[in-house]
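Secondary and tertiary structure notes
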Amino acid sequence: MKKKKDSSKVDRRDFLKNTSVATFMAMMGGVELAAPGCGRSQPVPVAGRKSGGEGAAPGAAATPQPAGAEAPLTQKPSFPPCRYGVIGAGPWGRKIISTLDLLKNDHEFANTEVVAVCDHYAGWLNRAGDLVPKAERFDDYHKLLAKPEVQAVVVATPTHQHRDIVLDALKAGKHVYCEAPLAHTIADAKDIARAAQSAFKLVFQAGLQERSHPHRHFLLSFLRTGVLNRNVLARAQWHKKESWARTASTPARADELNWRLHQATSPGLMGEAGIHRLDAVTWFLGGPHAGGRPSAVTGFSSLILWNDGRDVPDTVQGVFEFPEGPNSGLRFLFDATLCNSFDSEYEMYYGSDSAILMQPGNESRDSKAWMFKEVDATPLGWEVYARTERFGAETGISLVANASKQTALTDKPAAGNAPAVIEPLQYALQAFTANISEIGGAVKTYADDFGEADTPEFRANLADARKRALSQYPAAGWEEGLEATVLALKANEAALKKQKIELKNEFFDL
Amino acid sequence: MKKLNSNPVPLCLAAGLLLAAAASARPADPPLHYQAQPTNTSVAIQGTSSVHDWEMKGPIIGGFVDLPAGLDFDTNQATLPGLKDGILAASVMARITVRSIKSEADHLPEVMDHLMQEAMKETNHPRIEYHLTELKLRQPHLAGQPFVFDAKGDLAIAGVTNKVAFPVAIVPLGKDKILIRGTNTLKMTDYKIDPPAPNFGLGLMKCGDEIKVLFQWTLLHLPPKQP
């Protein structure tokens with residue numbers, strides 16, 4: 001019986017084997033090695049979304065297509081209708097509404113629809129409603145949850161309001177996408193995680209969007225081939241020049257809008273901005289079960305520029321230490337500031353053989369990565385065909401998945417395959433929609449024959465279905481959401497106290 | 001005074017005859033009803049193609065098996081009681097949801113899933129259904145071995161129903177459960193299914209017409225519901 005590979009167990013031999021195929025493919029000429037599902041224009045091809053496949057070389061795709069081939073593959077059917085309610089219609093909530101509405105352009109997600117929007121502030125509700133005119137508008141989320149046609153909700157309210165909404169939504173039988181961090185306190189985050197764990201027939205997704213990005217999975221399998229050799233250092237940053245302060249027509253509304261500026265309601269820069277980098281780095285370093293959970297964090301913080309009465313710092317640093325294991329001796333340095341925007345947001349992984357720079361995707365660019373090899377590192381073979389870029393005194397080997405010989409020679413992607421920017425949020429909402437369909441189907445299949453009673457067999461059956469669904473449409477669940485939230489909140493606490501905090505397992509355990 | 005005959009034997013005999021008559025007059029005992037269980041159940045479909053062999057698996061077989069009342073699957077018996085010409089009066093309905101069958105491929109399993117669902121016209125025929133028409137015990141039966149039967153029945157796939165025959169083994173699992181195992185070979189074209197031939201860019205992959213179906217199905221005896 002064939003068994004699926006664990007992506008954490010890609011070895012160098014596998015990687016090189018696939019690399020030689022990729023090199024051969026590149027030498028054939030006329031073969032466009034495009035990564036399916038990653039940065040492609042619509043409609044999506046039938047091929048899987050996880051770019052390149054496990055162990056594939058950068059530049060290699062799971063299903064290379066001859067140049068000029070006009071979508072010869074069969075097209076996947078559309079997922080069944082998925083009707084969304086979006087709770088919280090601020091700028092990010094409206095971004096989510098627009099992105100959900102955008103999904104309809106993709107044949108596979110053509111039946112996705114926003115049928116309800118909710119915000120207690122009429123101005124925002126109207127603006128959100130204008131984006132999806134057919135959607136019903138609610139000023140109370142309870143009324144939205146009472147609508148049976150709403151199958152899934154996205155919770156995009158201020159972080160400190162997540163708990164009650166998520167618990168009520170799960171109780172109402174809705175699938176839930178909860179923005180990250182899950183909550184502003186560890187107790188609330190655990191309440192959410194417990195409720196999500198109990199609601200085993202529903203899909204709960206944490207808003208750690210990059211967990212759904214195919215390029216991330218492609219890079220993860222690449223990193224786990226051991227290209228870094230010995231892990232030495234990790235570094236990440238989030239830099240923006242903005243105040244976070246919001247103005248409003250009344251003081252009461254201004255107080256409401258400026259929840260990020262006060263420690264009582266805000267998880268600070270570590271939580272609101274840093275959580276995605278903290279999650280990505282600890283995930284790439286192995287996650288909680290393979291030495292990637294830090295054992296301690298030392299924090300620093302200052303209020304340097306935006307001294308407007310807030311008690312949340314505008315600049316923070318965290319130094320994360322790791323336990324004995326694959327990351328022994330490694331420190332992960334993270335800094336975030338609202339005072340300077342230089343170099344924006346990225347992660348660096350330094351190893352004894354090479355360093356890797358990763359940039360997350362956003363509205364203006366797709367997710368990208370580069371490798372900088374040490375001169376004494378083992379040659380991999382394929383890098384002679386890869387695209388390179390200059391970074392000051394360094395030459396970076398592009399880890400963009402379609403960097404083939406052809407693209408290297410022409411220095412631009414082949415016609416017809418211009419990479420389109422698909423934001424991580426879109427991938428995350430696609431994954432949420434797909435997993436709702438898969439888990440919903442598995443629940444129905446099981447219940448038709450064996451009933452809906454909560455039995456160990458039912459849970460085991462759905463756990464298998466969930467595992468399978470996530471292998472095709474990866475996404476962060478409550479476990480990843482809780483892990484990242486606890487880490488960010490403890491880092492925030494360390495930064496505020498300007499001290500070292502030992503990260504005990506009990507902080508993370510349910 | 002003339003004494004009444006006090007000999008109890010004829011009275012008992014008469015009472016016994018009356019009881020026997022009453023017993024034969026009442027409706028037959030209800031069959032033993034076995035209901036499908038979700039554990040220890042699986043179906044696998046194995047096939048070939050011009051590129052490589054493939055396999056799909058499903059974890060759920062729904063349905064039931066009704067067996068004659070009083071039947072004991074003690075495998076130490078030389079045969080089963082109550083057979084007529086070796087035939088066991090059983091009733092079976094088994095069904096499999098097409099979407100629950102998933103590819104075991106390392107790469108692009110969702111593509112195989114989709115191809116299979118499309119080929120089996122899943123939208124209009126979401127289930128595979130089987131009804132038993134005859135269950136005949138294979139003789140001789142070796143003590144301690146599972147009872148093996150030749151099963152004949154109607155199999156409906158993608159809206160086409162064909163008669164099928166294949167051997168099945170029935171294994172008692174403790175007091176209340178049975179496990180039914182079987183293997184059958186089918187041709188897709190017999191069910192008007194075109195063997196998938198997806199174009200994966202580098203050339204056509206063509207699936208073979210013949211597929212092998214292997215299943216194991218666990219069922220639990222449920223006592224009749226009280227009126």
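Before reading on, note that the structure itself is shown above.
Now for a look at the structure at hand. Once a new chain begins, its residue numbering starts again from 1 and follows that chain's sequence as written. Written order decides the labels, with chains lettered from A and ligands numbered from 1. Owing to the predicted nature of the model, reporting of local features is limited to residues with pLDDT of at least 70; listing and counting of side-chain atom pairs is limited to 80 or more, with chain, interface and lining totals taken over all residues. Computation of side-chain values: all heavy atoms of the structure, hydrogens and water removed.

**Some details on the overall build of chain B**
Applicable threshold: Runs of E in the DSSP output that reach at least two residues are strands. Runs of H or I that reach at least four are helices, and both are numbered from the N terminus. Each residue is assigned to one of three classes by its accessible area relative to the maximum for its type, calculated with a 1.4 Å probe on protein chains only: buried under 20%, partly exposed between the two thresholds, exposed over 50%. The contact definition used throughout considers only heavy atoms, calling two residues in contact when any of these lie within 4.5 Å. Throughout, the Shrake-Rupley method with a 1.4 Å probe supplies accessible areas, and for residues the shown protein chains are the sole cover considered.
Of regular secondary structure, chain B possesses two helices and 11 strands. By residue count, 42% of the 227 residues in chain B fall in the buried class. Partitioning the intrachain contacts of chain B with sequence separation of at least 6 by distance along the chain shows that 65% fall at a separation of at least 24. Accessible area of chain B: about 12,600 Å², with a carbon and sulfur share of 59%.

**Some words on the overall build of chain A**
Within chain A one finds 15 helices and 18 strands. For chain A, with 510 residues in total, the buried portion stands at 57%. Pairs at least 24 residues apart make up 71% of the contacts formed inside chain A by residues separated by at least 6 positions. For chain A, the accessible area works out to roughly 20,900 Å², and carbon and sulfur atoms hold 52% of it.

**A short note on the pattern of salt bridges**
Close approach of charged atoms allows side chains of opposite charge to pair. All names here are of chain A. Selection rule: Here a salt bridge means any side-chain nitrogen of Lys or Arg lying within 4 Å of a carboxyl oxygen belonging to Asp or Glu.
Considering all chains together, one arrives at 34 salt bridges over all chains under this definition. Arg194 is paired through a salt bridge with Asp191; the nearest N and O atoms lie 3.3 Å apart. With a gap of three residues between them, Arg194 and Asp191 both fall in helix α6 (residues 186–198), about one helical turn apart. Given a relative accessible area of 23%, Asp191 falls into the partly exposed group. For Arg459, the salt bridge identified is with Asp454, shortest N-O distance 2.9 Å. The exposure class of Asp454 is partly exposed, given its relative accessible area of 48%. Via salt bridges that share partners, Arg163, Asp164, Asp188, Asp191 and Arg194 belong to a single interconnected network.

**Considerations on the packing of aromatic side chains**
Residues and elements named next belong to chain B. Rules: Pairing of aromatic side chains here covers Phe, Tyr and the six-membered ring of Trp, requires ring centres within 6.5 Å, and sorts the geometry by plane angle: under 30 degrees stacked, over 60 edge-to-face, intermediate tilted.
A complete count under the given rule lists 17 aromatic pairs over all chains for this structure. When the ring of Tyr130 is compared with that of Phe166, the centres are 5.8 Å apart and the planes differ by 50°; the resulting orientation is tilted. On the criterion of sequence distance, the pair formed by Tyr130 in strand β7 (residues 127–137) and Phe166 in strand β9 (residues 160–173) is long-range, its members being 36 residues apart. Of the two residues, Tyr130 and Phe166, both sit in the buried class. Taking 6.1 Å as the distance between ring centres and 85° as the angle between the ring planes, the aromatic pair formed by Phe166 and Phe215 counts as edge-to-face. Here the residue Phe166 occupies a position in strand β9, and Phe215 occupies one in strand β11 (residues 207–222), the gap between them amounting to 49 residues.

**With respect to the sheet that holds strand β9 (residues 231–239) of chain A**
Residue and element names in this part refer to chain A. This is how the line gets drawn: Two strands make a pair as long as DSSP finds a minimum of two bridges between them. Axes here refer to lines fitted to C-alpha atoms; in helices the fit is confined to the stretch in contact. Angles between the N-to-C directions go from 0 to 180 degrees.
Taken in spatial order, the 10 strands make up an open sheet running β16-β17-β15-β14-β13-β9-β12-β11-β10-β18, and their pairing is mixed. In this open sheet, the two strands that pair with only one neighbour each are β16 (388–391) and β18 (500–502). Between one strand and the next, the sheet's axes are offset by a mean angle of 20°, whatever the strand orientation. Docked against the sheet, helix α14 (residues 478–497) engages β10 (296–302), β11 (315–321) and β18, running at close to 55° with respect to β10.

**Some details on the environment of Asp454(A)**
Residues and elements named next belong to chain A. This is how it is decided: Each polar contact in these results corresponds to two N or O atoms within 3.5 Å; when the atoms are within protein, one needs to be able to donate a hydrogen and the other to accept it, and residues that are neighboring in sequence are counted only if both atoms are side-chain atoms.
In this fold, Asp454 is placed in the loop between α12 (424–450) and α13 (456–472). The sequence separation of Asp454 and Ile501 amounts to 47 residues, and the corresponding C-alpha distance is 40 Å. Filtering out sequence-adjacent residues up to four positions away, Asp454 remains in contact with Phe200 and Arg459. Within the structure, the side chain of Asp454 is placed 2.9 Å from the side chain of Arg459, a separation counted as a polar contact.

**Details of the pairing of strand β5 (residues 91–97) of chain B**
All names here are of chain B. The buried fraction of β5 amounts to six of the seven residues, a majority that puts the element mostly inside the structure. One ladder, built from five bridges, connects strand β4 (residues 62–67) with β5; its direction is antiparallel. Counterpart to Gly62 in the pairing with β5 is Arg95. Strand direction decides the pairing type here: β5 and β7, joined by five bridges, are antiparallel. Along β7, the bridge assignment pairs Met93 with His131.

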